[in-house]
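What the coordinates show
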Amino acid sequence: MLDPLGALTDAFTSFLFGKVETTRLPVRTSTGQAQAVYLPTAAPGLGDSGVIIGREVYSGKGYIYDPFQLYGQQLPAPHWLVLGESGNGKSALEKTYVLRQLRFRDRQVVVLDAQGEDGVGEWNLIAQELGITPIRLDPTAALNGGIRLNPLDPSITTTGQLALLRTIIEVAMGHGLDERSGFALKVAHAYVTETITARQPVLTDIVEQLRHPEAESAEAMNVDIDDVRAWGLDVALVLDRLVDGDLRGMFDGPTSAGIDLDAPLIVFDLSHIDRNSIAMPILMAIVGVWLEHTWIRPDRKKRIFLVEEAWHIINSPFVAQLFQRLLKFGRRLGLSFVAVVHHLSDVVDGAAAREAAAILKMASTRTIYAQKADEARATGRVLGLPRWAVEIIPTLTPGIAVWDVNGNVQVVKHLITEAERPLVYTDRAMTEASAMSEASAMPTDEARALQAAADAEAEARAEAMAMERQWRDESSETVA
């Protein structure tokens with residue numbers, strides 16, 4: 001109760017200026033009516049032109065993404081990084097994305113398929129559906145008429161050939177070439193390309209020239225012929241592995257006929273290569289340069305280069321530098337590079353940390369599936385994700401991911417059509433959707449378990465939305 005002086009002051013103020021504070025009676029209502037008072041809001045979409053990905057979780061709106069449509073308006077670069085642990089839907093997303101992109105007539109896709117099952121690559125079903133024969137690089141089959149890619153293919157410029165040879169050698173040796181070894185390689189390559197014109201030069205020719213250099217090559221630099229031979233010995237030994245070692249047959253002959261570089265989808269099946277061996281980055285280097293000089297052309301086509309297990313590229317400094325150059329074609333010749341990685345720590349803490357940072361910077365689109373909490377925090381720091389997104393990443397269920405398109409961050413549920421389902425779910429044991437499709441044949445207890453999983457997903461989504469609202473409320477209070 002106010003004291004007499006306070007009451008007199010309030011009365012005088014009300015007389016001069018009117019009532020300064022109103023009394024509002026309480027209103028009793030239902031939640032269904034009250035929700036109209038505080039309308040829900042969601043981040044704006046990316047437009048309505050491009051490929052349908054799925055549904056934005058919070059608003060329910062359709063989510064459409066196309067780097068070629070967004071480039072120059074909302075995207076500074078068309079490259080895309082996909083992250084997440086196995087079994088959360090990365091593979092299904094990539095496959096449906098490619099299938100939907102190929103419905104446009106001016107699209108062309110190359111896939112480096114490093115995973116496989118039943119003796120074939122993971123993209124084999126999709127290739128068969130489109131009438132495409134995968135380019136299967138297999139050391140055991142190469143000697144019996146298998147696919148070969150020639151690093152000295154005349155369709156590659158001489159400068160590109162020499163750069164490719166250097167990259168192969170540096171990857172295998174684990175360090176850069178010194179000036180003397182580089183000189184020996186250069187003169188051997190120059191002699192081979194100048195003197196062999198009746199057929200395609202091959203790696204055997206380079207190895208032979210390194211072992212037995214020509215006298216004029218030494219005289220040109222005023223050095224002894226024995227010195228040139230000694231400088232090129234280590235280089236010859238490395239290249240000999242491609243000629244007569246565990247990779248023989250794949251690169252030591254003319255490029256195989258019948259490789260259709262005009263097909264809408266080109267699949268390089270690397271599933272027969274040991275992913276943890278030095279062979280994988282060497283393969284990546286050869287395929288990358290070969291595509292750079294034979295596939296990417298100024299013909300106004302929009303091209304997508306999708307690489308599975310991309311840490312094999314980004315973790316090797318020499319191969320990463322090569323692919324950095326390839327990524328720069330995105331702006332000039334319409335190339336979108338899609339890198340699929342399980343953990344960001346695989347690359348940012350690796351031997352090619354600087355190169356990895358440069359490649360990540362070029363990727364204006366980032367899609368992050370479920371990760372453990374500590375990995376999610378590390379990913380958030382590197383990619384600059386908002387706090388609410390970092391907090392919900394560990395709670396994401398299969399098929400749901402955080403999308404960051406140049407700062408536009410949304411949570412998206414990937415949707416798969418019935419026609420796509422048998423093509424994209426190749427690992428039945430690890431996919432949620434395949435289990436759901438078989439639910440009708442399951443006993444009642446198993447069906448109930450699946451329903452419980454679906455209920456848990458809905459509960460996790462509601463919890464994620466609550467966390468985001470709480471974070472936004474805290475942020476607004478801090479600003480206020």
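The rules behind these values
- Residues numbered from 1 in each chain as written.
- Predicted model: local features only at pLDDT ≥ 70, side-chain atom pairs only at ≥ 80, totals over all residues.
- Heavy atoms only, no water.
- Helix = DSSP H or I, 4+ residues; strand = E, 2+ residues; numbered from the N terminus.
- Buried < 20%, exposed > 50% of the residue type's maximum accessible area, 1.4 Å probe, protein only.
- Contact = heavy atoms within 4.5 Å.
- Areas by Shrake-Rupley, 256 points an atom, 1.4 Å probe, with all protein chains shown as cover.
- Polar contact = N/O pair within 3.5 Å; in protein donor to acceptor, adjacent residues only side chain to side chain.
- Salt bridge = Lys/Arg side-chain N within 4 Å of Asp/Glu carboxyl O.
- Core = buried A, V, L, I, M, F, W, Y, C linked by side-chain atoms within 4.5 Å.
- Pairing = 2+ DSSP bridges.
- Axes fitted to C-alpha atoms, helices over the stretch in contact; angles between N-to-C directions.
- Parallel < 35°, antiparallel > 145°, perpendicular 65-115°, else oblique.
- Nonpolar A, V, L, I, M, F, W, Y, C, P; charged D, E, K, R; others polar.
- Phe/Tyr/Trp six-rings, centres within 6.5 Å; stacked < 30°, edge-to-face > 60°.
- Lys NZ or Arg CZ within 6 Å of the ring centre and 35° of its normal.
- Left-handed = near helix turned anticlockwise from the far one by under 90°.
- pLDDT = per-residue confidence, 0-100.
- Expected span 1.5 Å × (residues − 1).

What follows concerns the overall build of the protein. Within the protein one finds 23 helices and 13 strands. When the 480 residues of the protein are sorted by exposure, 49% land in the buried category. Look at the contacts in the protein between residues 6 or more apart in sequence, and 73% of them connect residues 24 or more apart. As presented, the protein carries roughly 24,000 Å² of accessible surface, and 53% of it is formed by carbon and sulfur atoms.

Moving on: the environment of Ala 373. As for its placement among the helices and strands, Ala 373 is situated in helix 19 (residues 373–383). Put simply, Ala 373 and Ile 393 are 20 residues apart on the chain and 7.6 Å apart in space, counted from C-alpha to C-alpha.

This part takes up the side chain of Gln 101. You can see Gln 101 is positioned in helix 4 (residues 90–101). Residue classification places Gln 101 among the buried positions, given a relative accessible area of 0%. A polar contact of 3.4 Å, which involves the side chain of Gln 101, links it to the side chain of Asp 66. Here Arg 107 takes part through its side chain, which lies 2.7 Å from a polar atom of the side chain of Gln 101. Sequence-distant contacts of Gln 101, that is, excluding residues within four places in its chain, are made with Val 51, Asp 66, Pro 67, Phe 68, Arg 107 and Ile 304.

Under the defined criterion, the tally for this structure stands at 15 salt bridges. Among the salt bridges present, the one from Asp 205 reaches Arg 199, with a minimum N-O distance of 3.0 Å. The class of Asp 205 is buried, set by a relative accessible area of 14%. Residue classification places Arg 199 among the partly exposed positions, given a relative accessible area of 46%. Here the residues in one salt-bridge network are Asp 66, Asp 106 and Arg 107, joined through shared partners.

Next up on the list: the nonpolar core. Ranked by internal contacts, the top residues of the largest apolar core, which has 97 residues, are Leu 149, Leu 239, Phe 268, Leu 270 and Phe 305. The next biggest cluster of nonpolar side chains, apart from the first, holds 38 residues, and it includes Leu 102, Val 111, Val 405 and Val 424.

A few words now on the sheet that holds strand 11 (residues 363–368). Strand order across the open sheet formed by eleven strands is 2-1-13-12-11-3-10-9-4-8-7, with mixed pairing between neighbours. The two strands at the open ends of the sheet, each matched to only one other strand, are strand 2 (62–65) and strand 7 (135–136). Across five bridges, the pairing between strand 3 (residues 79–83) and strand 11 is parallel. The residue of strand 11 that forms the bridge with Leu 83 is Ile 368.

Once that is clear, we can look at the pairing of strand 8 (residues 265–269). In terms of burial, strand 8 is a largely internal element, five of the five residues being buried. Of the two faces of strand 8, the one carrying Leu 265, Val 267 and Asp 269 and the one carrying Ile 266 and Phe 268 are both buried. The pairing of strand 4 (residues 107–113) with strand 8 spans five bridges and is classified as parallel. When the bridges of strand 8 are listed, Val 109 appears paired with Leu 265. Direction of pairing for strand 7 relative to strand 8: parallel, over a ladder of two bridges.

Interhelical geometry of helix 7 (residues 158–173) versus helix 15 (residues 317–327) gives an angle of 150 degrees and a closest axis separation of 8 Å. Between helix 7 and helix 15, the crossing angle belongs to the class labelled roughly antiparallel. In this structure, helix 7 uses Thr 167, Glu 170 and Val 171 to contact helix 15, whose residues at the interface are Phe 318, Val 319 and Leu 322. In terms of residue class, the contact of helix 7 with helix 15 is made up of four nonpolar, one polar and one charged.

Take the packing of aromatic side chains next. Two numbers describe a pair of aromatic rings. These are the distance of the centres and the angle of the planes. Inspection of every chain in the model, using the stated rule, returns eleven aromatic pairs. Linked through ring pairs, Tyr 63, Tyr 65, Trp 80, Tyr 97 and Trp 403 together constitute an aromatic cluster. Residue placement shows Arg 107 over the ring face of Phe 104; its charged tip is 4.7 Å from the ring centre. Above the face of the Trp 295 ring, Arg 303 is positioned so that its terminal group lies 5.6 Å from the ring centre.

Glancing now at the packing of helix 13 (residues 279–294) against helix 15. Between helix 13 and helix 15, whose axes approach to 10 Å, the crossing angle comes to 25 degrees. In terms of orientation, helix 13 and helix 15 fall into the roughly parallel class. Along this stretch, helix 13 crosses helix 15, giving a crossing that reads as left-handed. Contact with helix 13, carried on its side by Pro 281, Met 284, Ala 285, Gly 288, Val 289 and Glu 292, involves Val 319, Leu 322, Phe 323, Arg 325 and Leu 326 of helix 15 and no other residues of that element. Per-class residue counts for the contact of helix 13 with helix 15 are eight nonpolar, one polar and two charged.

So, on to the pairing of strand 9 (residues 302–307). Of all six residues that make up strand 9, five are buried, and the element is covered over most of its length. One ladder, built from six bridges, connects strand 4 with strand 9; its direction is parallel. The partner of Arg 107 across the bridge, within strand 9, is Lys 302. The pairing of strand 9 with strand 10 (residues 335–341) spans five bridges and is classified as parallel. When the bridges of strand 10 are listed, Val 307 appears paired with Ala 339.

On to the confidence of the model for the protein, then. With 78% of its residues at a pLDDT of at least 70, the protein reaches an overall mean of 79. Across the protein, the secondary-structure element scoring lowest on mean pLDDT is helix 22 (residues 432–437), at 41, and the one scoring highest is strand 12 (residues 400–405), at 96. Note on residues 475–480: pLDDT is under 50 here. Beyond four places in sequence and across chains, it has zero contacts.

As a further point, take helix 4. Between the first and last C-alpha of helix 4 there are 16 Å, a value that for twelve residues agrees with the 16 Å anticipated at 1.5 Å per step. Most of helix 4 is tucked away: eleven of the twelve residues are buried. Taken as a whole, helix 4 has its buried residues at Lys 90, Ala 92, Leu 93, Glu 94, Lys 95, Thr 96, Tyr 97, Val 98, Leu 99, Arg 100 and Gln 101.

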